[in-house]
Amino acid sequence: MFLISFSILLFSVIGINNVNASDEMTIGVSVLGYEGDYIRIQVPDYIFLGDISKDDATSNEVNVRVNNTGTLDAIVTPQLVSGSNPIFNYTFFRLQKTQNNTAVPFKQIGNFNFNVDKKNDETFYISMNLSNYEDEWPTENLNLNATIRFNAMAAE
Amino acid sequence: MLWLQNKNRLMRLYFILILILFLISFISSLEIGINPAHIELYGNKGDTICKNVSIYSDKDITVLFDSRWSESENSRNINDYKLKSEEIAIELHSPNRIFLAKNKEKDVEVCFKCNKKGDFYGAILFESENGYASVGSWVHIKINNDNSITGGAIGIVKDNDFLFIGIFGLIIELGLIFYLIKRIKHSKN
(Lines give C-alpha, C1' and ligand atoms only; values in the text may rest on other atoms or scores of the structure.)
Protein backbone atom coordinates (compact mmCIF):
# COMPACT_ATOMS: atom_id res chain seq x y z
CA MET A 1 0.00 0.00 0.00
CA PHE A 2 2.84 2.31 0.92
CA LEU A 3 4.57 1.49 -2.32
CA ILE A 4 1.45 2.25 -4.33
CA SER A 5 0.94 5.58 -2.56
CA PHE A 6 4.57 6.54 -3.01
CA SER A 7 4.42 5.58 -6.68
CA ILE A 8 1.33 7.73 -7.26
CA LEU A 9 3.03 10.69 -5.50
CA LEU A 10 6.22 10.25 -7.52
CA PHE A 11 4.20 9.91 -10.71
CA SER A 12 2.35 13.16 -9.97
CA VAL A 13 5.54 15.09 -9.21
CA ILE A 14 7.29 13.90 -12.37
CA GLY A 15 4.15 14.57 -14.39
CA ILE A 16 4.03 18.23 -13.29
CA ASN A 17 7.63 18.80 -14.33
CA ASN A 18 7.30 16.95 -17.61
CA VAL A 19 7.27 19.96 -19.92
CA ASN A 20 6.94 20.25 -23.65
CA ALA A 21 10.29 21.40 -25.02
CA SER A 22 8.61 23.46 -27.77
CA ASP A 23 6.83 25.75 -25.26
CA GLU A 24 7.84 29.35 -25.55
CA MET A 25 8.02 31.96 -22.89
CA THR A 26 7.19 35.38 -24.18
CA ILE A 27 8.17 38.59 -22.54
CA GLY A 28 7.16 42.00 -23.64
CA VAL A 29 9.31 45.05 -23.88
CA SER A 30 8.54 48.62 -24.75
CA VAL A 31 11.08 50.58 -26.70
CA LEU A 32 11.47 53.82 -24.78
CA GLY A 33 13.16 57.04 -25.71
CA TYR A 34 11.11 58.60 -28.47
CA GLU A 35 7.54 58.92 -27.19
CA GLY A 36 6.74 62.44 -26.07
CA ASP A 37 9.21 64.17 -28.41
CA TYR A 38 7.77 65.83 -31.45
CA ILE A 39 8.71 67.69 -34.58
CA ARG A 40 6.98 70.97 -35.25
CA ILE A 41 7.95 73.77 -37.60
CA GLN A 42 6.59 77.11 -38.68
CA VAL A 43 7.20 78.17 -42.28
CA PRO A 44 6.07 81.13 -44.39
CA ASP A 45 3.31 80.44 -46.84
CA TYR A 46 4.39 82.76 -49.61
CA ILE A 47 7.72 84.00 -50.91
CA PHE A 48 7.86 86.46 -53.78
CA LEU A 49 11.13 86.59 -55.68
CA GLY A 50 10.34 89.54 -57.90
CA ASP A 51 10.88 89.86 -61.65
CA ILE A 52 13.18 87.79 -63.82
CA SER A 53 13.91 87.95 -67.53
CA LYS A 54 16.34 86.73 -70.18
CA ASP A 55 18.31 89.93 -69.82
CA ASP A 56 18.35 89.73 -66.04
CA ALA A 57 18.23 86.05 -65.25
CA THR A 58 18.74 86.37 -61.50
CA SER A 59 15.89 87.16 -59.15
CA ASN A 60 15.92 88.99 -55.85
CA GLU A 61 17.55 87.09 -53.03
CA VAL A 62 14.99 86.85 -50.27
CA ASN A 63 15.66 86.02 -46.64
CA VAL A 64 13.33 83.40 -45.16
CA ARG A 65 12.92 82.30 -41.56
CA VAL A 66 11.88 78.83 -40.39
CA ASN A 67 10.95 78.36 -36.76
CA ASN A 68 11.37 75.04 -34.90
CA THR A 69 8.75 74.93 -32.16
CA GLY A 70 9.25 71.21 -31.46
CA THR A 71 11.28 69.34 -28.84
CA LEU A 72 13.77 67.83 -31.26
CA ASP A 73 16.40 69.27 -33.55
CA ALA A 74 15.00 69.19 -37.07
CA ILE A 75 16.43 68.88 -40.54
CA VAL A 76 14.46 70.95 -43.04
CA THR A 77 14.53 70.21 -46.76
CA PRO A 78 12.91 72.48 -49.36
CA GLN A 79 11.38 70.42 -52.15
CA LEU A 80 9.64 71.39 -55.33
CA VAL A 81 6.14 69.99 -55.45
CA SER A 82 5.67 67.60 -58.37
CA GLY A 83 3.97 69.14 -61.36
CA SER A 84 5.64 72.51 -60.89
CA ASN A 85 6.98 74.43 -63.87
CA PRO A 86 10.51 73.09 -64.52
CA ILE A 87 11.83 76.62 -64.46
CA PHE A 88 11.61 76.42 -60.67
CA ASN A 89 14.25 73.71 -60.61
CA TYR A 90 16.61 76.66 -60.89
CA THR A 91 15.82 77.79 -57.37
CA PHE A 92 18.88 78.20 -55.21
CA PHE A 93 19.52 78.46 -51.50
CA ARG A 94 22.25 79.41 -49.09
CA LEU A 95 22.32 79.91 -45.34
CA GLN A 96 24.49 83.02 -45.49
CA LYS A 97 25.46 85.47 -48.18
CA THR A 98 29.05 85.65 -47.05
CA GLN A 99 31.32 83.78 -44.69
CA ASN A 100 34.78 85.01 -43.77
CA ASN A 101 34.34 87.77 -46.34
CA THR A 102 33.78 85.20 -49.06
CA ALA A 103 30.53 84.70 -50.93
CA VAL A 104 28.84 81.47 -49.87
CA PRO A 105 28.04 79.28 -52.88
CA PHE A 106 24.43 78.51 -53.68
CA LYS A 107 22.93 75.06 -53.57
CA GLN A 108 20.22 74.08 -56.00
CA ILE A 109 16.87 72.84 -54.79
CA GLY A 110 17.12 69.09 -54.22
CA ASN A 111 20.66 69.45 -52.87
CA PHE A 112 19.98 71.80 -50.00
CA ASN A 113 18.83 71.21 -46.45
CA PHE A 114 19.59 72.78 -43.12
CA ASN A 115 19.31 72.01 -39.43
CA VAL A 116 17.17 73.98 -37.02
CA ASP A 117 17.76 73.40 -33.33
CA LYS A 118 14.77 72.69 -31.12
CA LYS A 119 12.94 75.79 -29.88
CA ASN A 120 15.01 77.90 -32.22
CA ASP A 121 14.86 79.37 -35.70
CA GLU A 122 17.06 79.51 -38.73
CA THR A 123 17.18 81.83 -41.71
CA PHE A 124 18.30 81.17 -45.23
CA TYR A 125 18.34 82.95 -48.58
CA ILE A 126 16.40 81.88 -51.65
CA SER A 127 16.67 83.10 -55.22
CA MET A 128 16.27 81.97 -58.79
CA ASN A 129 19.02 81.96 -61.36
CA LEU A 130 18.12 81.10 -64.93
CA SER A 131 21.55 81.80 -66.42
CA ASN A 132 21.98 78.12 -67.24
CA TYR A 133 18.35 77.52 -68.17
CA GLU A 134 18.40 75.99 -71.64
CA ASP A 135 14.78 75.04 -72.17
CA GLU A 136 12.19 77.27 -73.77
CA TRP A 137 11.45 80.37 -71.77
CA PRO A 138 7.91 80.94 -70.63
CA THR A 139 5.93 83.73 -72.27
CA GLU A 140 7.30 87.07 -71.13
CA ASN A 141 5.59 89.06 -68.38
CA LEU A 142 3.92 85.93 -67.08
CA ASN A 143 3.53 85.59 -63.33
CA LEU A 144 4.59 82.12 -62.40
CA ASN A 145 3.94 80.47 -59.08
CA ALA A 146 5.41 77.28 -57.78
CA THR A 147 4.99 75.51 -54.51
CA ILE A 148 8.09 74.78 -52.54
CA ARG A 149 7.39 72.41 -49.70
CA PHE A 150 9.49 72.62 -46.56
CA ASN A 151 9.82 69.13 -45.16
CA ALA A 152 10.83 68.75 -41.52
CA MET A 153 12.12 65.53 -39.96
CA ALA A 154 14.10 64.76 -36.84
CA ALA A 155 17.75 65.56 -37.41
CA GLU A 156 18.87 62.32 -35.70
CA MET B 1 7.17 122.43 -30.12
CA LEU B 2 5.47 121.68 -33.38
CA TRP B 3 8.56 119.83 -34.49
CA LEU B 4 8.43 117.74 -31.31
CA GLN B 5 4.78 116.90 -31.85
CA ASN B 6 5.54 115.89 -35.42
CA LYS B 7 8.45 113.77 -34.20
CA ASN B 8 6.22 111.96 -31.68
CA ARG B 9 3.64 111.36 -34.38
CA LEU B 10 6.31 109.98 -36.68
CA MET B 11 7.64 107.72 -33.93
CA ARG B 12 4.13 106.47 -33.26
CA LEU B 13 3.55 105.76 -36.95
CA TYR B 14 6.92 104.07 -37.19
CA PHE B 15 6.10 101.89 -34.17
CA ILE B 16 2.69 100.93 -35.58
CA LEU B 17 4.28 100.05 -38.93
CA ILE B 18 6.86 97.83 -37.21
CA LEU B 19 4.09 96.17 -35.22
CA ILE B 20 2.04 95.48 -38.34
CA LEU B 21 5.03 94.02 -40.17
CA PHE B 22 5.81 91.88 -37.12
CA LEU B 23 2.28 90.53 -36.98
CA ILE B 24 2.14 89.88 -40.73
CA SER B 25 5.16 87.63 -40.51
CA PHE B 26 3.19 85.32 -38.19
CA ILE B 27 -0.20 85.64 -39.88
CA SER B 28 1.25 84.44 -43.20
CA SER B 29 2.84 81.27 -41.87
CA LEU B 30 1.84 77.70 -41.16
CA GLU B 31 2.85 75.63 -38.14
CA ILE B 32 2.64 71.86 -38.51
CA GLY B 33 3.89 69.07 -36.27
CA ILE B 34 4.05 65.32 -35.69
CA ASN B 35 4.61 63.00 -32.71
CA PRO B 36 6.51 60.71 -32.44
CA ALA B 37 9.41 61.63 -34.66
CA HIS B 38 10.68 58.04 -34.84
CA ILE B 39 8.80 54.77 -35.24
CA GLU B 40 10.30 51.35 -34.55
CA LEU B 41 8.19 48.31 -35.36
CA TYR B 42 8.77 44.58 -35.26
CA GLY B 43 6.65 41.91 -36.89
CA ASN B 44 6.37 38.80 -39.00
CA LYS B 45 6.07 38.52 -42.74
CA GLY B 46 2.46 39.06 -43.77
CA ASP B 47 1.34 40.54 -40.44
CA THR B 48 -0.21 43.98 -40.26
CA ILE B 49 1.50 46.15 -37.64
CA CYS B 50 0.19 49.54 -36.67
CA LYS B 51 1.28 52.68 -34.89
CA ASN B 52 -0.64 55.75 -33.79
CA VAL B 53 0.86 59.10 -34.66
CA SER B 54 -0.37 62.50 -33.62
CA ILE B 55 -0.35 65.43 -36.06
CA TYR B 56 -0.98 69.10 -35.43
CA SER B 57 -1.55 72.35 -37.27
CA ASP B 58 -2.15 75.90 -36.14
CA LYS B 59 -4.61 76.38 -39.01
CA ASP B 60 -7.52 74.43 -40.45
CA ILE B 61 -5.82 72.43 -43.18
CA THR B 62 -6.02 69.12 -44.97
CA VAL B 63 -2.90 66.98 -45.02
CA LEU B 64 -2.05 64.21 -47.44
CA PHE B 65 -0.38 61.03 -46.27
CA ASP B 66 2.65 59.69 -48.12
CA SER B 67 5.56 57.39 -47.46
CA ARG B 68 9.00 56.97 -48.93
CA TRP B 69 11.59 54.29 -48.45
CA SER B 70 15.32 54.00 -48.77
CA GLU B 71 17.96 51.43 -49.42
CA SER B 72 20.37 53.52 -47.33
CA GLU B 73 20.37 52.46 -43.75
CA ASN B 74 19.54 55.27 -41.35
CA SER B 75 20.06 58.20 -43.72
CA ARG B 76 18.61 61.44 -42.38
CA ASN B 77 18.41 63.10 -45.80
CA ILE B 78 14.81 62.84 -47.03
CA ASN B 79 16.08 63.08 -50.63
CA ASP B 80 17.67 59.63 -50.15
CA TYR B 81 14.18 58.18 -49.67
CA LYS B 82 13.03 57.68 -53.24
CA LEU B 83 11.34 54.29 -53.24
CA LYS B 84 7.59 53.83 -53.08
CA SER B 85 6.18 51.31 -50.63
CA GLU B 86 5.01 48.96 -53.39
CA GLU B 87 8.57 48.78 -54.75
CA ILE B 88 9.69 47.06 -51.55
CA ALA B 89 6.56 44.93 -51.01
CA ILE B 90 5.11 47.03 -48.20
CA GLU B 91 1.40 47.72 -48.08
CA LEU B 92 0.29 50.84 -46.24
CA HIS B 93 -3.08 51.29 -44.65
CA SER B 94 -3.79 54.82 -43.52
CA PRO B 95 -6.23 57.58 -44.41
CA ASN B 96 -4.93 59.39 -47.51
CA ARG B 97 -6.44 62.77 -46.62
CA ILE B 98 -6.81 64.00 -43.07
CA PHE B 99 -8.45 67.21 -41.96
CA LEU B 100 -6.72 68.99 -39.09
CA ALA B 101 -8.67 71.48 -37.03
CA LYS B 102 -6.52 74.39 -35.97
CA ASN B 103 -4.62 74.04 -32.72
CA LYS B 104 -5.88 70.50 -32.16
CA GLU B 105 -3.81 67.34 -32.31
CA LYS B 106 -5.28 64.49 -34.32
CA ASP B 107 -4.40 60.83 -33.85
CA VAL B 108 -3.92 58.82 -37.01
CA GLU B 109 -3.31 55.09 -37.15
CA VAL B 110 -0.71 54.06 -39.70
CA CYS B 111 -0.51 50.36 -40.54
CA PHE B 112 2.14 48.46 -42.43
CA LYS B 113 1.98 45.01 -43.96
CA CYS B 114 5.37 43.75 -45.04
CA ASN B 115 5.48 40.81 -47.41
CA LYS B 116 9.21 40.32 -47.26
CA LYS B 117 11.62 39.56 -44.47
CA GLY B 118 14.26 42.11 -43.56
CA ASP B 119 14.95 45.61 -42.27
CA PHE B 120 13.13 48.51 -43.89
CA TYR B 121 13.97 52.17 -43.49
CA GLY B 122 11.44 54.78 -44.50
CA ALA B 123 9.62 57.97 -43.70
CA ILE B 124 5.93 58.64 -43.33
CA LEU B 125 4.98 62.14 -44.37
CA PHE B 126 2.01 64.37 -43.79
CA GLU B 127 1.97 67.15 -46.40
CA SER B 128 -0.27 70.18 -46.28
CA GLU B 129 -2.63 70.02 -49.24
CA ASN B 130 -1.62 73.46 -50.44
CA GLY B 131 1.87 72.10 -50.41
CA TYR B 132 4.16 74.41 -48.53
CA ALA B 133 4.93 72.34 -45.43
CA SER B 134 5.23 68.72 -44.46
CA VAL B 135 6.36 66.83 -41.39
CA GLY B 136 7.28 63.24 -41.00
CA SER B 137 8.54 60.43 -38.83
CA TRP B 138 11.47 58.19 -39.56
CA VAL B 139 10.40 54.54 -39.71
CA HIS B 140 12.36 51.38 -39.07
CA ILE B 141 10.55 48.06 -39.52
CA LYS B 142 12.14 44.70 -38.77
CA ILE B 143 10.33 41.73 -40.28
CA ASN B 144 10.99 38.10 -39.45
CA ASN B 145 9.80 34.86 -40.99
CA ASP B 146 9.12 32.92 -37.79
CA ASN B 147 7.04 33.47 -34.65
CA SER B 148 9.83 33.94 -32.17
CA ILE B 149 9.46 37.73 -32.27
CA THR B 150 6.03 39.38 -32.42
CA GLY B 151 5.11 43.01 -31.73
CA GLY B 152 7.34 44.19 -28.92
CA ALA B 153 7.87 40.69 -27.55
CA ILE B 154 10.97 38.57 -27.49
CA GLY B 155 10.40 34.82 -27.52
CA ILE B 156 12.62 32.39 -25.62
CA VAL B 157 12.67 28.70 -26.48
CA LYS B 158 13.38 26.40 -23.54
CA ASP B 159 16.68 24.61 -23.32
CA ASN B 160 16.95 21.02 -24.66
CA ASP B 161 18.04 19.87 -21.19
CA PHE B 162 14.39 20.04 -20.19
CA LEU B 163 13.56 17.64 -23.03
CA PHE B 164 16.00 15.11 -21.56
CA ILE B 165 14.51 15.45 -18.05
CA GLY B 166 11.02 15.02 -19.48
CA ILE B 167 11.91 11.79 -21.29
CA PHE B 168 13.76 10.49 -18.25
CA GLY B 169 10.76 11.21 -16.05
CA LEU B 170 8.48 9.41 -18.48
CA ILE B 171 10.72 6.33 -18.44
CA ILE B 172 10.64 6.27 -14.64
CA GLU B 173 6.84 6.58 -14.67
CA LEU B 174 6.45 3.72 -17.15
CA GLY B 175 8.87 1.60 -15.14
CA LEU B 176 6.92 2.20 -11.94
CA ILE B 177 3.62 1.40 -13.62
CA PHE B 178 5.07 -1.87 -14.97
CA TYR B 179 6.44 -2.76 -11.53
CA LEU B 180 3.12 -2.01 -9.83
CA ILE B 181 1.18 -4.16 -12.28
CA LYS B 182 3.61 -7.01 -11.70
CA ARG B 183 3.26 -6.65 -7.93
CA ILE B 184 -0.52 -6.63 -8.12
CA LYS B 185 -0.53 -9.79 -10.27
CA HIS B 186 1.88 -11.48 -7.87
CA SER B 187 -0.36 -10.52 -4.91
CA LYS B 188 -3.38 -12.00 -6.58
CA ASN B 189 -1.54 -15.20 -7.27
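Below is a short write-up of the structure. (Residues numbered from 1 in each chain as written. Chains lettered and ligands numbered in written order. Predicted model: local features only at pLDDT ≥ 70, side-chain atom pairs only at ≥ 80, totals over all residues. Heavy atoms only, no water.)

Here we come to the sheet that holds strand β7 (residues 106-114) of chain B. Here we have 9 strands laid out as an open sheet, ordered β8(A)-β5(A)-β10(A)-β3(A)-β2(A)-β1(B)-β3(B)-β7(B)-β5(B), and antiparallel in their pairing. Each edge of the sheet is formed by a strand with only one pairing partner; in this case those strands are β8 (107-108) of chain A together with β5 (90-93) of chain B. (Pairing = 2+ DSSP bridges. Helix = DSSP H or I, 4+ residues; strand = E, 2+ residues; numbered from the N terminus.)

Residue and element names in this part refer to chain A. According to the stated counting rule, one finds 11 aromatic pairs over all chains in the structure shown. Here the aromatic rings of Phe93 and Phe124 are separated by 5.8 Å at their centres, their planes lie at 50°, and the arrangement is tilted. Of this pair, Phe93 sits in strand β5 (residues 91-94) while Phe124 is found in strand β10 (residues 120-128), placing the two residues 31 residues apart along the sequence. Residue class for Phe124 comes out buried when judged on its relative accessible area of 0%. Between Phe114 and Phe124, the aromatic rings sit 5.0 Å apart at their centres with planes inclined by 40°, giving tilted as the arrangement. (Phe/Tyr/Trp six-rings, centres within 6.5 Å; stacked < 30°, edge-to-face > 60°. Buried < 20%, exposed > 50% of the residue type's maximum accessible area, 1.4 Å probe, protein only.)

Residue and element names in this part refer to chain B. Taken as a whole, this structure holds 1 disulfide over all chains when the rule is applied. Two residues, Cys50 and Cys111, share a disulfide whose sulfurs are 2.0 Å apart. Around the S-S axis, the bridge from Cys50 to Cys111 shows a dihedral of about 110° and counts as right-handed. Linking Cys50 in strand β3 (residues 48-57) with Cys111 in strand β7, this pair joins segments that are 61 residues apart in sequence. (Disulfide = S-S within 2.5 Å.)

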